[in-house]
Amino acid sequence: MRRSATETTESAAKITRRGLVVAAAQVGFVGLLGARMRYMQVDQADEFRLLADENRINIRLIPPARGQLFDRNGVILAENEPSYRITMVREDAGDVNTVIARLSTLVELDDDELNRALTEMKRSAPFLPVTIADRISWEELSRVAANAPALPGVTPEVGLSRRYPQGAPFAHVAGYVGPVSQRDLERIEDPDQLLRIPRFQIGKVGVEAKYEDKLRGKAGAKRVEVNSIGRVMRELDRREGQSGANVQLTIDSKLQNYVQARLGEESASVVVMDLKRGDLLAIASSPTYDPNKFVRGISVADYSFLRDNDHRPLASKTVQDAYPPGSTFKMVTALAALEEGIITAEDTVHCPGHLEVSDRKFHCWKRSGHGHMNLELSLRESCDVYYYDLALKVGIEKISAMAKKLGLGMRHDVPMSAVVQGLAPTKDWKLQNRGKEWVIGDTVNASIGQGFVLASPLQLAVMSARLATGRSVSPRLVNTIDGISEPSLGGESLGINENNLRKIRKAMFEVSNSRRGTAYRSRIIDDQFRMAGKTGTSQVRNFESERRRFGRVLKDSEVEWKRRDHALFVNFAPYENPEIAVSVVVEHGGGGSTAAAPIARDVTLQALFGEDPPLTAYPNKDRSAIRTQQKRLRELSANDGDRGNDRA
């Protein structure tokens, strides 16, 4: 069927219009494409040159600044210092050995550190940076930066590292940080990604470890662009992290330095406690060590020296070690009996030098005996037989209950490592832990702080504080966190009869101030600052075997150091208006009156005066020696501070 001429004309017109529309669309598309190509190739040429085929964007964590530690007066105990280092990303470096060979011509690489870095590199994800050289100089850092094009995957960095300007006196309190280990990661349920950065530092012991979550802070992040050889081309954006919280301790650094100097190289410990809030003003173990050596990884030689030292410098003796408290425990036994109404302060017991219990003789330290003793005299002269007799009347359960009320046999919540609970034993305890029945001889031994009884120096200071105040004073080591005060631990009333407490305090006063008192030679003669205290000698070896073998107890000078008795002393001062409590333990020091009491007297005066006390506070016969000692200790404290400031 043929179309008409009109139909043919209309069809041709439609085709022409359709072609024009298609052509116009094509021209428009080509025009837009050309414009886009011009925009990308001309206007944005620099931008897209950086985003070449093999370039990529990395997101890297920004470690936060660790919170600082301060003493109660704002003296810095732990701070951050700039640290220059060289890091390498394995997947960006390509041939790692070749890059390290080039790097070694610019920076002196330590073989041990390099081997450790290579081990980390194999163990870590290929995109994580690993530290190749740490604590390098600015000049070395500059050389590496200038030669960056020849060192793919290598980045010179400026970071922060921990430093302890006060050095050794605070090692057991502040603790130290060190690189994250696999063991650290395993003990944390959901480890922060920061901890997976090789060589990232976390708290290992002490306050640094106990407050790790607060001190660490929150990580930031940055988005960087790197080219095909791993060189950072530019930083695209950055989100700053959150610095860790600053922690202020209750410790007085000036007093802490004095105490450490006073202890010297003795294997000993001292705790000084404020009675109003429970603040620990000083808590020192001796000997100690430089925590700065642990920050980067201590050498095998240095660690072996500390580990093998028989005075155990790595131990925080104030909280980690528990000792038989010896005669410092006698106040517990006496107070238990007074509270039960079993005795009065005037009741007497005759001491012939021993007490026979179940066909066994329990000896007094004074072989000839003390004669008739009442409560005050028995504490003043530390008669053992009085307390043997008392224990038979009051029983171990009441004694143990009083010990716990006074802070013994319980773990105090202080942010230090391996805080011990000590032991205030009962009949059930022995049955459950030793599988044996309690016997009467156990009670007799416990009455004078021997046998199963154990207490740390911290617990002994708490006991003294509670005897002085009648309140449940507890130790407080942290004052503020980021400026917010921690609760006071001055405590509520113990519920102990105040008249009974006065009798115990008066007897402790006689120990230090009566001519017959066991600590009279270490008395304070300034009436405003007189102290009340109690000596203690903690038996280490078996005296009965010595009596059987030698017919007598050997003198400390006749046995090796490790077999000598521990020396203890506890006190509070001033007697009329108590402000502080002090405990001293000198390991294998011999008698408490000769080894521990003089230290306690000096520390007490230093704490009360806030500086070297006047010589008039000491007996005349001691003043010349004290003058010489004060000069020597000032020099030691100053030198230790200088060494701390120089430590890197």
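Refer to the structure printed above.
Residues numbered from 1 in each chain as written. Predicted model: local features only at pLDDT ≥ 70, side-chain atom pairs only at ≥ 80, totals over all residues. Heavy atoms only, no water.

## A closer look at the environment of V177
(1) Moving on: Along the chain, V177 falls in strand β6 (residues 176–179).
(2) Moving on: In this structure V177 comes out as buried when scored by relative accessible area, which is 0%.
(3) Moving on: A sequence separation of 27 residues divides V177 from K204, and the C-alpha atoms of the two residues are 5.3 Å apart.
(4) Moving on: Apart from residues lying up to four places away in sequence, V177 is in contact with R66, R162, Y164, Q201, I202, G203, K204, E208, F294 and V295. (Helix = DSSP H or I, 4+ residues; strand = E, 2+ residues; numbered from the N terminus. Buried < 20%, exposed > 50% of the residue type's maximum accessible area, 1.4 Å probe, protein only. Contact = heavy atoms within 4.5 Å.)

## Describing the environment of D95
(1) Moving on: Inspection of the secondary structure puts D95 in the loop between α3 (90–93) and α4 (96–104).
(2) Moving on: D95 sits 58 residues away from G153 along the chain, and the two C-alpha atoms are 9.9 Å apart.
(3) Moving on: In terms of polar contacts, D95 uses its side chain to reach the side chain of T98, at 2.8 Å. (Polar contact = N/O pair within 3.5 Å; in protein donor to acceptor, adjacent residues only side chain to side chain.)

## A word on helix α5 (residues 111–123)
(1) Moving on: In this model α5 runs 18 Å from its N-terminal to its C-terminal C-alpha over 13 residues, within 8% of the 18 Å that 1.5 Å per residue would give.
(2) Moving on: Those residues of α5 that sit buried are E113, L114, A117, E120 and M121. Burial along α5 is one-sided: seen end-on, the buried residues are contained in an arc of 120°. The outward face of α5, more than 90 degrees from its buried face, is lined by the exposed residues D111, D112, K122 and R123.
(3) Moving on: The elements touched by buried residues of α5 are β3 (76–89), α3, α4 and β4 (129–134). (Expected span 1.5 Å × (residues − 1). Arc of directions from axis to C-beta.)

## Some remarks on the sheet that holds strand β12 (residues 280–286)
Strand-to-strand pairing in sheets goes through backbone hydrogen bonds, with the strands running parallel or antiparallel.
(1) Moving on: A sheet is described by the order of its strands in space; here five strands give the open sequence β12-β11-β21-β20-β19, paired in antiparallel fashion. A single partner strand is all that each edge strand has here, and the edge strands are β12 and β19 (532–538). Each strand of the sheet is rotated relative to its neighbour by a mean of 5°, with strand direction disregarded.
(2) Moving on: As defined by bridge partners, strand β11 (residues 268–274) adjoins β12 across six bridges and the pair is classed as antiparallel. Each bridged residue has a counterpart across the sheet, and for A268 the counterpart in β12 is S286.
(3) Moving on: Packing of helix α24 (residues 592–609) onto the sheet brings it into contact with β11, β19, β20 (566–573) and β21 (580–586), and relative to β20 it is tilted by some 30°. (Pairing = 2+ DSSP bridges. Axes fitted to C-alpha atoms, helices over the stretch in contact; angles between N-to-C directions.)

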